[in-house]
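Structural overview
So the chains spell out like this:
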Amino acid sequence: MKKKIVKKKAKAPKEEIHPVPQTPIEFEEPEPRPAEPEAGTPPEPKNEEPKKGKGSGFKIFVVLLLFAVAVVLAYYFITASAFDTGPGVDAETFKNNFAAAETVYIVMDVRGVKDPTVSNNVLQCGVDFAASSGMGGKDAVYFSFGDDGCTAPDGPHPLQDCVSQLKNGLTIYVKEGPGGASYYSKAMVVTVGKTYTFGTCGIKWV
């Protein structure tokens, strides 16, 4: 018998697979994000330096303005309560000036007096001056100086209005003090304390 000759197909050469080298991809790590505040938690304050600008200059201007106003008010208060007493004289010279004066102003100054007894004594002294025998024939005008202004025979007035009238005559000025009297060419200044004897103040020429 004839043998069948079977032709074997030639095997194709195996393809060698060479792995393609891959360049590794580098991933950048994301920057950490700040943690968000929880609901209801107030955000943390930022430490920012205060901005210097026109605001600071305005504050300085306001301070200087207030200082100037305070100076003006202090000056007004001092000048409003001051009057010209004239130079100091002896009792005899004052007596002659008093006799020649047509108008006599009796001022009872109780400004700043904290003790009600002293305040009453100052007022009583002024009343006693008005009732004294030496006041006969004089045109007497009464002023009471208080912390809220001046009280005149016709009612309340600003302090300066009353003070400005004192230049028109001779003044008997009564205020808080240790007790005693000082004589000037245009005024007599009398001080009264906690102790006062009724009727002590007065014009009584011997």
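All figures in this text were calculated on a predicted structure; none of them were measured in a lab. (Residues numbered from 1 in each chain as written. Predicted model: local features only at pLDDT ≥ 70, side-chain atom pairs only at ≥ 80, totals over all residues. Heavy atoms only, no water.)

**Notes on the sheet that holds strand E5 (residues 170-176)**
Strand order in the open sheet made by the seven strands is E4-E3-E2-E1-E5-E7-E6, with mixed pairing throughout. Pairing within the sheet leaves two strands with one partner each, and these edge strands are strand E4 (155-157) and strand E6 (180-183). Pairs of neighbouring strands in the sheet enclose a mean axial angle of 20°, with direction left out of account. One ladder, built from three bridges, connects strand E3 (residues 149-152) with E4; its direction is antiparallel. When the bridges of E4 are listed, threonine 151 appears paired with proline 156. (Pairing = 2+ DSSP bridges. Helix = DSSP H or I, 4+ residues; strand = E, 2+ residues; numbered from the N terminus. Axes fitted to C-alpha atoms, helices over the stretch in contact; angles between N-to-C directions.)

**Structural notes on the packing of aromatic side chains**
Here the structure, examined in full by the defined rule, presents three aromatic pairs. For the ring pair phenylalanine 94 and phenylalanine 98, a centre distance of 6.2 Å and an interplane angle of 35° mean the geometry is tilted. With phenylalanine 94 and phenylalanine 98 both in helix H2 (residues 91-100), this residue pair falls four residues apart, about one helical turn. Residues tyrosine 105 and phenylalanine 143 carry aromatic rings whose centres are separated by 5.8 Å and whose planes lie at 15° to one another, so their mutual orientation is stacked. Pair noted here: tyrosine 105 is in strand E1 (residues 103-109) and phenylalanine 143 is in strand E2 (residues 139-146), with a separation of 38 residues, a long-range link. A residue is classified by how much of its surface remains accessible, and tyrosine 105, at 6% relative accessible area, is buried. Accessibility expressed as a relative area gives 1% for phenylalanine 143, which makes it buried. Note that lysine 138 overlies the ring of phenylalanine 98, its terminal NZ or CZ placed 5.3 Å from the centroid. (Phe/Tyr/Trp six-rings, centres within 6.5 Å; stacked < 30°, edge-to-face > 60°. Buried < 20%, exposed > 50% of the residue type's maximum accessible area, 1.4 Å probe, protein only. Lys NZ or Arg CZ within 6 Å of the ring centre and 35° of its normal.)

**Digging into the side chain of serine 132**
In this fold, serine 132 is placed in the loop between helix H3 (116-131) and E2. Each residue touching serine 132, except ones within four places of it in the same chain, is listed here: Gly202 and Ile203. (Contact = heavy atoms within 4.5 Å.)

**Considering the pairing of E6**
The sheet contact formed by E6 and strand E7 (residues 187-192) spans four bridges and is antiparallel. Along E7, the bridge assignment pairs serine 182 with valine 189. Remark: three residues form the turn of the hairpin made by E6 and E7, two consecutive strands paired antiparallel.

**What about the state of the cysteines?**
Disulfides are covalent bonds that link the sulfur atoms of two cysteine residues. Applying the stated criterion to the full structure yields two disulfides. The residue that forms a disulfide with cysteine 150 is cysteine 162, at a sulfur-sulfur distance of 2.0 Å. Note on the cysteine 150 and cysteine 162 pair: the S-S dihedral is about -95°, so by sign convention the disulfide is left-handed. One end of the pair, cysteine 150, is in strand E3; the other, cysteine 162, is in helix H4 (residues 159-163), with twelve residues separating them in the sequence. By sequence order of its bonded cysteines, the protein has the disulfide arrangement 1-4, 2-3. (Disulfide = S-S within 2.5 Å.)

**Quick notes on the confidence of the model for the protein**
Chain-level statistics for the protein give a pLDDT mean of 77 and a share of 64% at 70 or above. Below pLDDT 50 for its whole length, residues 17-29 participates in zero contacts with residues either more than four positions away or in separate chains. Within the model, the stretch residues 71-81 combines pLDDT values under 50 with nine contacts to residues more than four positions away or in other chains. (pLDDT = per-residue confidence, 0-100.)

**Structural notes on H3**
The terminal C-alpha atoms of H3 lie 23 Å apart, and with 16 residues this matches the ideal 22 Å at 1.5 Å per residue to within 8%. On its buried face, H3 is in contact with E1, E5 and E7. With a side-chain oxygen positioned 2.8 Å from the backbone nitrogen of threonine 117, the residue opening H3 is aspartate 115. (Expected span 1.5 Å × (residues − 1). Polar contact = N/O pair within 3.5 Å; in protein donor to acceptor, adjacent residues only side chain to side chain.)

**Some words on the environment of glycine 88**
Looking at where glycine 88 falls in the secondary structure, it is placed in the loop between helix H1 (54-80) and H2. Glycine 88 sits in the exposed class, given a relative accessible area of 59%. Distance from glycine 88 to serine 185, taken between C-alpha atoms, is 6.3 Å for residues 97 residues apart in sequence. The contacts of glycine 88, once residues within four sequence positions are left out, are Tyr183 and Tyr184.

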